[in-house]
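Report on the structure
Listed here are the chains, written in short residue letters.
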Amino acid sequence: MGTEAPSHQHHTHQPTDEQLAKQKTIDEWLPITSSRNAKWWYSAFHNVTAMVGAGVLSLPYAMSGLGWGPGVVVLILSWVITLYTLWQMVEMHEMVPGKRFDRYHELSQYAFGEKLGLYIVVPQQLVVEVGVCIVYMVTGGKSLQKFHDLVCKTCKPIKQTYFIMIFASVHFVLSHLPNFDSISGVSLAAAVMSLSYSTIAWTASAHKGVQPDVQYGYKAKSTAGTVLNFFSALGDVAFAYAGHNVVLEIQATIPSSPEKPSKGPMWKGVVVAYIVVALCYFPVALIGYWIYGNGVEDNILLSLEKPAWLIGMANIFVVVHVIGSYQIYAMPVFDMVETLLVKKLHFKPSIILRFFVRNLYVVFTMFVAITFPFFGGLLSFFGGFAFAPTTYFLPCIMWLAIYKPRKFSLSWWANWICIVFGVLLMTLSPIGGLRQIILQAKTYSFYS
């Protein structure tokens, strides 16, 4: 180990001081690496905000597709597997002495090689992050609309399109916050909100009591329908556990030294976040399904009509939460685009560059959200397609590639079980999601 550090000095290409200084300036400007003084609790609420998204509200609906037995098993398995893969990512962040893998694709490049690593992770990560931002645009717009309709029953109905635009307008301002540390206030508010609306969702359901005509059987009349609903419900669950796409980026903001590596405070934050996740997910999923059975809406708050003030409040909480979540998922995208422009295309790191990049991104996600607001189907389609790999099994494959655990050892088995479960999720849930999108598209008119 001791010989590692000096060996770099014999290379023929030693970067000059000028190049190093230029590199340092760029790193200090990029959103992920610009500030490294986060505390462990930043990690906790960034992770809660990233994880407990709008996905939690569709869990009772997912349960109605899975049924009691399989539903409970899938929920618990997902919680355990994703906590394990998250631990792996936190561990791998600094496994090479003196180097930090600040971005998901940097870790992937270390595991699979420069080119292949990029090709494996970047498209998936972009699908996840851009996909989440689009879904959150729709969610934000829908929740604002629901709030408006609840509070003002006599008002003229306003198109959902306008509500999505109102929601997007906030992001034209917030997107210009430079880095993760600067959005920690937004993120804290979002984390508090997620606990609040999850609690409202399950307490209001419990208060309502089990519905008189409740049924727990599968909704679809045909076997094929039942199977496809099951697949799409798996996608909804995968979507609910999607925080891994930003975990290395969050860890990058925590200071680190050989005596005190960043994985300590980061892991502490993750554990707290996962306790909050359990407190949000399990009651909502189980109580929501228990009360409404298979008649539950794909967003539990839509099933709850009374008391109006409480449900109105819950919808506003969702809006605040989704504002924070959107920012957390947008930050790595900004980082990728800005890195590409500054390092590859040699643009000058400037406020003007940032202004154009970020506003265009908000416009793009808003436009897609207005055009295709099929909330449920999109969720399970993206959920299986890109969330399952980045969350359930890519960390395991990297772990096997880098650490090479002994065959049939505990670590080997654990990783392979996660990989099999993840691959099943990835292949099955988009099939169900696509069917849902097709069914919803039949009755849908553009820009209504």
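This is a predicted model, so every value here is computed, not measured.

**Focus on the overall build of the chain**
A tally of regular secondary structure across the chain gives 16 helices and zero strands. Taking 448 residues into account, the globule formula puts the C-alpha radius of gyration at 22 Å, and the chain, at 22 Å, falls close to it. Each of the three principal axes of the chain carries a C-alpha extent, and together these read 75 × 55 × 35 Å. Burial analysis of the chain (448 residues in total) assigns 54% to the buried set. Long-range pairs, those at least 24 residues apart, make up 85% of the contacts in the chain with a sequence separation of at least 6. Element-wise, carbon and sulfur atoms account for 71% of the exposed surface of the chain, whose accessible area totals about 19,800 Å². Seen as two clouds, the 30 positive and the 22 negative side-chain charges of the chain have centres 6 Å apart.

**Some thoughts on the pattern of salt bridges**
A full pass over the atoms with the stated rule returns eight salt bridges. Two residues, Lys-343 and Asp-27, come together in a salt bridge whose shortest N-O distance is 3.6 Å. One end of the pair, Lys-343, is in helix α13 (residues 308-344); the other, Asp-27, is in helix α1 (residues 17-29), and 316 residues separate them in sequence. Overall, the relative accessible area of 29% leaves Lys-343 in the partly exposed class.

**Examining the packing of aromatic side chains**
For the structure on display, the rule yields 18 aromatic pairs. When the ring of Tyr-84 is compared with that of Trp-87, the centres are 6.1 Å apart and the planes differ by 20°; the resulting orientation is stacked. Here Tyr-84 pairs with Trp-87, and both are found in helix α4 (residues 68-92), just three residues apart, close to one helical turn. When its relative accessible area of 22% is taken as the criterion, Tyr-84 is described as partly exposed. Trp-87 sits in the partly exposed class, given a relative accessible area of 30%. Measuring from centroid to centroid gives 5.4 Å for Tyr-216 and Tyr-289, while their planes differ by 70°, and the two rings are edge-to-face.

**Some remarks on the nonpolar core**
In terms of nonpolar packing, the biggest core is built from 119 residues, with Met-137, Tyr-281 and Tyr-392 touching the most fellow members. What Tyr-281 contacts, discounting residues up to four positions off in sequence, is Met-51, Val-52, Gly-53, Val-56, Leu-59, Ala-240 and Tyr-241. Among the nonpolar cores identified, the runner-up in size contains seven residues, and Trp-29, Leu-341, Val-342 and Leu-353 belong to it.

**What to know about the packing of α13 against helix α14 (residues 351-371)**
One way to put it is that α13 packs onto α14 with a least axis distance of 10 Å and a crossing angle of 130°. Taken together, α13 and α14 sit at an angle that is classed as oblique. You can see that α13 and α14 cross each other, and the crossing is right-handed. Facing α13, whose interface residues are Tyr-326, Ala-330, Met-331, Val-333, Phe-334, Val-337, Glu-338, Leu-341 and Val-342, α14 presents Leu-353, Arg-354, Val-357, Arg-358, Tyr-361, Val-362 and Thr-365. Of the residues in the contact of α13 with α14, the class split is twelve nonpolar, one polar and three charged.

**Some remarks on the state of the cysteines**
Scanning all chains against the criterion turns up one disulfide. The disulfide that involves Cys-152 links it to Cys-155, with 1.6 Å between the sulfurs. Looking down the S-S bond of the Cys-152 and Cys-155 bridge, the torsion is 75°, so its handedness is right-handed. Overall, the relative accessible area of 32% leaves Cys-155 in the partly exposed class. Residue Cys-396 stays outside any disulfide, its sulfur separated by 4.2 Å from that of Cys-418, the closest cysteine. Among the residues examined, Cys-396 registers a relative accessible area of 0% and is labelled buried.

**Notes on the packing of helix α8 (residues 184-208) against helix α11 (residues 263-292)**
One way to put it is that α8 packs onto α11 with a least axis distance of 9 Å and a crossing angle of 25°. Of the possible angle classes, the one that applies to α8 and α11 is roughly parallel. Between α8 and α11 lies a crossing whose hand is left-handed. Contacts between α8 and α11 involve Ser-194, Leu-195, Ser-198, Ala-201, Trp-202, Ser-205, Ala-206 and Lys-208 from the former and Val-276, Leu-279, Cys-280, Pro-283, Val-284, Ile-287, Ile-291 and Tyr-292 from the latter.

**Focus on the confidence of the model for the chain**
Residue-level pLDDT values for the chain average 85, and 93% of them are 70 or greater. The secondary structure element of the chain with the lowest average pLDDT is helix α12 (residues 300-303), at 78, and the one with the highest is helix α7 (residues 160-174), at 94. pLDDT under 50 marks residues 1-12. Its contacts with residues more than four places away, or in other chains, come to three contacts.

**Examining the side chain of His-244**
Looking at the element boundaries, His-244 is found in the loop between α9 (223-240) and α10 (247-251). A distance of 2.9 Å separates a polar atom in the side chain of His-244 from the backbone oxygen of Thr-82. Among all residues touching His-244, those that are not within four sequence positions of it are Thr-82, Thr-85, Leu-86, Met-89, Tyr-104, Tyr-274, Thr-390 and Thr-391.

Here is what the cut-offs are and how they apply
Residues numbered from 1 in each chain as written. Predicted model: local features only at pLDDT ≥ 70, side-chain atom pairs only at ≥ 80, totals over all residues. Heavy atoms only, no water. Helix = DSSP H or I, 4+ residues; strand = E, 2+ residues; numbered from the N terminus. Rg over C-alpha atoms; globule rule 2.2 N^0.38 Å. Buried < 20%, exposed > 50% of the residue type's maximum accessible area, 1.4 Å probe, protein only. Contact = heavy atoms within 4.5 Å. Areas by Shrake-Rupley, 256 points an atom, 1.4 Å probe, with all protein chains shown as cover. Lys, Arg positive; Asp, Glu negative; His and termini not counted. Charge placed at Lys NZ, Arg CZ, Asp CG, Glu CD. Salt bridge = Lys/Arg side-chain N within 4 Å of Asp/Glu carboxyl O. Phe/Tyr/Trp six-rings, centres within 6.5 Å; stacked < 30°, edge-to-face > 60°. Core = buried A, V, L, I, M, F, W, Y, C linked by side-chain atoms within 4.5 Å. Axes fitted to C-alpha atoms, helices over the stretch in contact; angles between N-to-C directions. Parallel < 35°, antiparallel > 145°, perpendicular 65-115°, else oblique. Left-handed = near helix turned anticlockwise from the far one by under 90°. Nonpolar A, V, L, I, M, F, W, Y, C, P; charged D, E, K, R; others polar. Disulfide = S-S within 2.5 Å. pLDDT = per-residue confidence, 0-100. Polar contact = N/O pair within 3.5 Å; in protein donor to acceptor, adjacent residues only side chain to side chain.

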